[in-house]
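# Remarks on the overall topology
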Amino acid sequence: MAKILSFSRTIRNNWKTSLVTCAAVTYGISYGKKVYKANQLMRQYCESASQYGDFPLPTNIKPRHVTIILNPAAKKGKAKKLFQNYCEPLLHLAGIAVTVIRTDSQNDARKIIMNLDTPTDAIIVAGGDGTLSDVLTGLVRKYDLNFNSVKQCPIGIVPLGQTNKIAKSLYHEYDYLSDIKQVIEATMAIIHEKSKMMDIIEVKPIDNNPDEPAKPVYAMGTVEWGLWKDANASASKYWYWGFLRKYVTYVFNGYEENLNKYCNAVLKYTLPCEGCSRCSQNNLISNLNTRWWHVFLPRYNASRDSIDFSKRINEKCDVLHELPISTCELHIATSNVDKLQVESSPPSLKVKIGPKDINYFSFVFGGWEKEKNNKPLCNQILEAKKIELTPQKTDKNHTLYIDNEEYELKAVEMKLFPQAVKVFCPQLNS
């Protein structure tokens, strides 16, 4: 009893040291438990990948080869370590040859893809939505909008970015070890070649300079413009608030002079169409029966089984509808970003127009609601195949976000290319 009393007296007399020691021990136990569970999980999947790698290949088939586009700066510099610990070992155990190319700067991924001349069976994006958009842009530009070639090269998405909207729609969400489990799940989908076709959105500036036409950017997720998105993008400035920074940012960014007409523009759009004589890009849809790596060879000739839409008549196709908008936020998305959304027929872009009249308090509480539900606030929804967005007034402080990458706000044309790229994903969404 005397020892217990002496121990209690020592803790009381040195309560600050005791408190710090207790916190350090608690953190150490929690961290050790997390590392142990991660190692056990990795051991399980290593055995599965090894069994796949030990399976003999026919003599006329070469081992698979994938090219990894790794953004080492993603996830606050943790992407490289996560990739090396939980993705690369599984690929090697599965007998897949791996070439890792690291990006050095913004938009470096699209340059890498455009200059890539090594035959590969797939391209794996180890990063976030911005890196994925860069890879798509480089791939489509490389083949001059020849989506028949683009479709032959599957893309894998290893969610290692700060924002992973596309990956969240493909993989399960976990309460514990979420980042590690999603990386492993994405890698196993690549190994087992589980895939689905997904949509692409083309965003092209409307430029009046015919001598130097602006090049389009391609994305799989969203195009956003508005007050809440600007506030969300500036949350990193409030890092000292810790986990509260994503809520505090709305408190400090709600003092705009005019909250109600932030997005003032003319929206022109055409209605969705499954394919008809008016759709120039859908007149011929070809199914190529080639190896994936053929897209990296200079040129080839292949037989084509074509579907002719010239006899389909749709009088509403390509007819522009005009809608003046004055709102605080505009959100345009493909069907890729919502795992609960049933794929629409015909495929379409979902245009969500936010509320028009808001005040400071509705802005703050609306932002908190968005963070909680991860859904845009909207008063009107419409579907479109092609969109022309013309801001009535461009402001240097206003930004257009394409898959969370920042671009200068200007008049743009957006076009949907349905089922344009093959993406590895778990069996749940196949």
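The chain goes by Acylglycerol kinase, mitochondrial in an unreviewed UniProt entry, where it is assigned to Bombus impatiens. As recorded by UniProt, the Pathway (unreviewed entry) comment attached to the chain reads in full: "Lipid metabolism; glycerolipid metabolism." Turning to the chain, the UniProt record has this under Sequence similarities (unreviewed entry): "Belongs to the AGK family."

### Thoughts on the overall build of the chain
From N to C terminus, the chain includes 13 helices and 18 strands. Buried residues in the chain amount to 45% of all 430 residues. Summarising the internal contacts of the chain: among those between residues at least 6 apart in sequence, 80% fall at separations of at least 24.

### Some details on a nonpolar patch on the surface
Residues Trp-239, Tyr-240, Trp-241, Phe-243, Leu-244 and Phe-252 make up a contiguous nonpolar surface patch of roughly 760 Å² in combined accessible area. Under the relative-accessibility criterion, Trp-241 is labelled partly exposed at 38%.

### Observations concerning helix H4 (residues 79-86)
For H4, every residue scored as buried is listed here: Ala-79, Leu-82, Phe-83 and Tyr-86. Angular distribution of buried residues about the axis of H4 spans 100°; they occupy a single face of the element.

### Some details on the packing of helix H12 (residues 245-252) against helix H13 (residues 360-373)
Where H12 contacts H13, the two axes come as close as 9 Å, and the packing angle between them is 160°. Viewed along their axes, H12 and H13 adopt a mutual orientation that is roughly antiparallel. Crossing hand, H12 versus H13: right-handed. Only Tyr-360, Phe-363, Val-364, Gly-367, Trp-368 and Glu-371 of H13 make contact with H12, whose side of the interface consists of Lys-246, Tyr-247, Tyr-250 and Val-251. Here the residues of the contact of H12 with H13 sort into 7 nonpolar, 1 polar and 2 charged.

### Remarks on the pattern of salt bridges
Side-chain pairs of opposite charge can arise whenever the charged atoms involved come near each other. On inspection of all chains with the given rule, the structure shows 8 salt bridges. For Lys-75, the salt bridge goes to Asp-179, with nearest N and O atoms at 3.7 Å. Taken together, the residues Lys-75 in helix H3 (residues 74-77) and Asp-179 in helix H10 (residues 178-191) connect sequence positions 104 residues apart. Using a relative accessible area of 39% as the deciding quantity, one classes Asp-179 as partly exposed.

### Describing the sheet that holds strand E13 (residues 349-353)
Here 6 strands make up an open sheet; going across it, the order is E14-E13-E12-E7-E16-E17 and the pairing antiparallel. In this open sheet, the two edge strands, each paired with only one partner strand, are strand E14 (380-384) and strand E17 (405-408). The average undirected angle you get between the axes of adjacent strands in this sheet is 20°. As paired strands, strand E12 (residues 329-333) and E13 are joined by 4 bridges and run antiparallel to one another. Looking at the pairing, Ile-332 lines up with Val-351 of E13.

### What about the side chain of His-331?
Considering the arrangement of structural elements, one finds His-331 in strand E12. Those residues in contact with His-331 that lie beyond four places of it in its chain are Lys-165, Thr-222, Val-223, Glu-224, Lys-350, Val-351, Lys-352 and Pro-376.

### Comments concerning unusual backbone geometry
A positive phi angle is found at Asn-404, which is not glycine, with a value near 70°. Relative accessible area serves as the criterion here: at 18%, Asn-404 is assigned to the buried category. The phi torsion at Gln-419 lies on the positive side, around 50°, for a residue other than glycine. Along the chain, Gln-419 turns up in strand E18 (residues 412-424). Residue Gln-419 is classed as partly exposed on the basis of its relative accessible area, which comes to 32%.

### As for a positive patch on the surface
On the surface, a cluster of positive charge is made up of Lys-34, Lys-76, Lys-78 and Lys-81. Structurally, Lys-81 is set in helix H4.

### Remarks on the packing of aromatic side chains
Per the stated rule, a full pass over the model turns up 8 aromatic pairs. Ring geometry for Tyr-360 against Phe-361: centres 5.4 Å apart, planes inclined by 80°, an arrangement best described as edge-to-face. Each residue in the set Tyr-238, Trp-239, Tyr-240, Trp-241 and Phe-252 is aromatic and connected to the rest through ring pairs, giving one cluster.

### Quick word on H13
Under the 1.5 Å per step criterion, the end-to-end length of H13 is 20 Å for 14 residues, consistent within 8% with the ideal 20 Å. For H13, the elements touching its buried residues are helix H11 (227-233), H12 and E12. For H13, the side-chain oxygen to backbone nitrogen distance between the N-cap and Phe-361 is 3.2 Å, and the N-cap itself is Asn-359. Just downstream of H13 lies Asn-374, where phi reads positive at about 55°.

### Structural notes on the side chain of Ser-234
Position of Ser-234 relative to the elements: it lies in the loop between H11 and H12. If we skip the residues at most four places from it in the chain, Ser-234 touches Thr-249 and Asn-253.

Cut-off values and rules
Residues numbered from 1 in each chain as written. Predicted model: local features only at pLDDT ≥ 70, side-chain atom pairs only at ≥ 80, totals over all residues. Heavy atoms only, no water. UniProt positions renumbered as here; feature names shortened; annotations may be inferred. Helix = DSSP H or I, 4+ residues; strand = E, 2+ residues; numbered from the N terminus. Buried < 20%, exposed > 50% of the residue type's maximum accessible area, 1.4 Å probe, protein only. Contact = heavy atoms within 4.5 Å. Patch = residues over 30% accessible without salt bridge, like charges linked within 9 Å, V, L, I, M, F, W, Y side chains within 5 Å. Areas by Shrake-Rupley, 256 points an atom, 1.4 Å probe, with all protein chains shown as cover. Salt bridge = Lys/Arg side-chain N within 4 Å of Asp/Glu carboxyl O. Arc of directions from axis to C-beta. Axes fitted to C-alpha atoms, helices over the stretch in contact; angles between N-to-C directions. Parallel < 35°, antiparallel > 145°, perpendicular 65-115°, else oblique. Left-handed = near helix turned anticlockwise from the far one by under 90°. Nonpolar A, V, L, I, M, F, W, Y, C, P; charged D, E, K, R; others polar. Pairing = 2+ DSSP bridges. Lys, Arg positive; Asp, Glu negative; His and termini not counted. Charge placed at Lys NZ, Arg CZ, Asp CG, Glu CD. Phe/Tyr/Trp six-rings, centres within 6.5 Å; stacked < 30°, edge-to-face > 60°. Expected span 1.5 Å × (residues − 1). Polar contact = N/O pair within 3.5 Å; in protein donor to acceptor, adjacent residues only side chain to side chain.

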